[in-house]
Amino acid sequence: MPFRLVWVSSPALAPIMSDAPCRLYLITPQRLDPLVFRDSLAAALDAGDVACLQLRLKDASEDQIKRATEILMPIAAARDVAFLLNDNAALAAKLGCDGAHLGQTDGNHVEARRLLAGRILGITCHASRHLAMEAGELGADYVAFGAFFPTATKETKHRAAPDILAWWHEMFEIPSVAIGGITAANCAPLVRAGADFLAVVGAVWNHPEGPAQGVRSMNAAIAKARAA
């Protein structure tokens, strides 16, 4: 039996953990009108199991992020979906979000952990075991690995393989999030490797039959991979 280090995430993550070994983690489009997007969001969240929603608005002002949060966070909260803000721990705390997701250059992670005491802190670790272990040591609630596949959402500088998910799953208690170009067609190896969450953008919001069908397709693919 392999040696396992028990770095346990905070109780703030408990509501999005479940008996299901892998759940869906939605990331918003980078640009949106929250008054228009809220109907698509509600339809997506009503379509199936979603653990959390990350608001990821690039090049948006603080006022724009605040407005989007005020409109979209209640939709997530009403469905027991955690609402996370990308890039900015201080703003996430100020706006009352459930937590924040930070990249490696998004401020001081130790300070972010302090600001988000009792809330969720996730950290991007690319394809690095070292960065993931550092994140675990400072108290991250989850580590995110990727990109696993080509993606048009952002410039890809790092490529990860499923074996990093398997290693993390064997060694640590903290959940992992797989990200980068994930679709219903390619997600099975990540589920089988032990990813706790699959983060998706285009697979849901750009689905040809709409976001609700995107969520249903992802959940069906996750269930099929688990059963294999």
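What this report covers is the structure whose coordinates are included nearby. Here the structure is a predicted model, which is why all the values come from computation and not from measurement.

Side note on the environment of Leu55
Note that Leu55 resides in strand β2 (residues 52–55). Measuring from C-alpha to C-alpha, the distance between Leu55 and Cys97 comes to 10.0 Å, with 42 residues separating the pair along the chain. In contact with Leu55, not counting residues within four places along its chain, are Thr28, Ile65, Ala68, Thr69, Leu72, Phe83, Leu84, Leu85 and Asn86.

Section: the state of the cysteines
In the structure shown here, the tally under the stated rule is 0 disulfides. Not part of a disulfide, Cys97 finds its nearest cysteine sulfur in Cys52, a span of 13 Å. For Cys97, a relative accessible area of 2% gives the class buried. With no disulfide partner, Cys125 has as its closest neighbouring cysteine sulfur the one in Cys52, 15 Å distant.

Topic: the nonpolar core
If you look at soluble globular proteins, the nonpolar side chains tend to sit buried side by side. Counting residues in hydrophobic clusters, the biggest one holds 83 residues, and the most contacted among them are Leu26 and Leu198. Apart from the residues lying within four places of it in its own chain, the contact partners of Leu198 are Cys22, Arg23, Leu24, Tyr25, Ala178, Ile182, Cys187, Leu190, Val191, Met218 and Ile222.

Remarks on helix α5 (residues 129–138)
Listing the buried residues of α5 in full gives Leu131, Ala132, Ala135 and Gly136. Down the axis of α5, the buried set is contained in an arc of 140°. They therefore lie on one face. Along α5, exposed side chains directed more than 90 degrees from the buried face belong to His130 and Glu137. The elements touched by buried residues of α5 are β5 (120–126), β6 (142–146) and α6 (162–171). For α5, the N-terminal cap is Ser128; the gap from its side-chain oxygen to the backbone nitrogen of His130 is 3.3 Å. Gly139 lies just past α5 and shows a positive phi near 105°.

Here's the deal with the pairing of β6
Most of β6 is tucked away, with 5 of its 5 residues classed as buried. For the crossover that starts at β5, traverses α5 and ends in the parallel β6, the hand is right-handed. Taken together, the 4 bridges between β6 and strand β7 (residues 176–179) define a ladder with parallel strand orientation. Across the sheet, residue Ala144 finds its bridge partner in β7, namely Val177.

Some remarks on the packing of aromatic side chains
Using the criterion set out here, one finds 6 aromatic pairs in the structure. Summarising the aromatic geometry, the rings of Phe145 and Trp168 are spaced 6.0 Å apart at their centres and angled 70° between planes, so their arrangement reads as edge-to-face. Here the residue Phe145 occupies a position in strand β6, and Trp168 occupies one in helix α6, the gap between them amounting to 23 residues. In this structure, Phe145 and Trp168 share a single accessibility class: buried. Taken together, the ring pairs in this structure connect Phe145, Trp167, Trp168 and Phe172 into an aromatic cluster.

How each quantity is defined
- Residues numbered from 1 in each chain as written.
- Predicted model: local features only at pLDDT ≥ 70, side-chain atom pairs only at ≥ 80, totals over all residues.
- Heavy atoms only, no water.
- Helix = DSSP H or I, 4+ residues; strand = E, 2+ residues; numbered from the N terminus.
- Contact = heavy atoms within 4.5 Å.
- Disulfide = S-S within 2.5 Å.
- Buried < 20%, exposed > 50% of the residue type's maximum accessible area, 1.4 Å probe, protein only.
- Core = buried A, V, L, I, M, F, W, Y, C linked by side-chain atoms within 4.5 Å.
- Arc of directions from axis to C-beta.
- Polar contact = N/O pair within 3.5 Å; in protein donor to acceptor, adjacent residues only side chain to side chain.
- Right-handed = clockwise from strand over helix to strand, strands pointing away.
- Pairing = 2+ DSSP bridges.
- Phe/Tyr/Trp six-rings, centres within 6.5 Å; stacked < 30°, edge-to-face > 60°.

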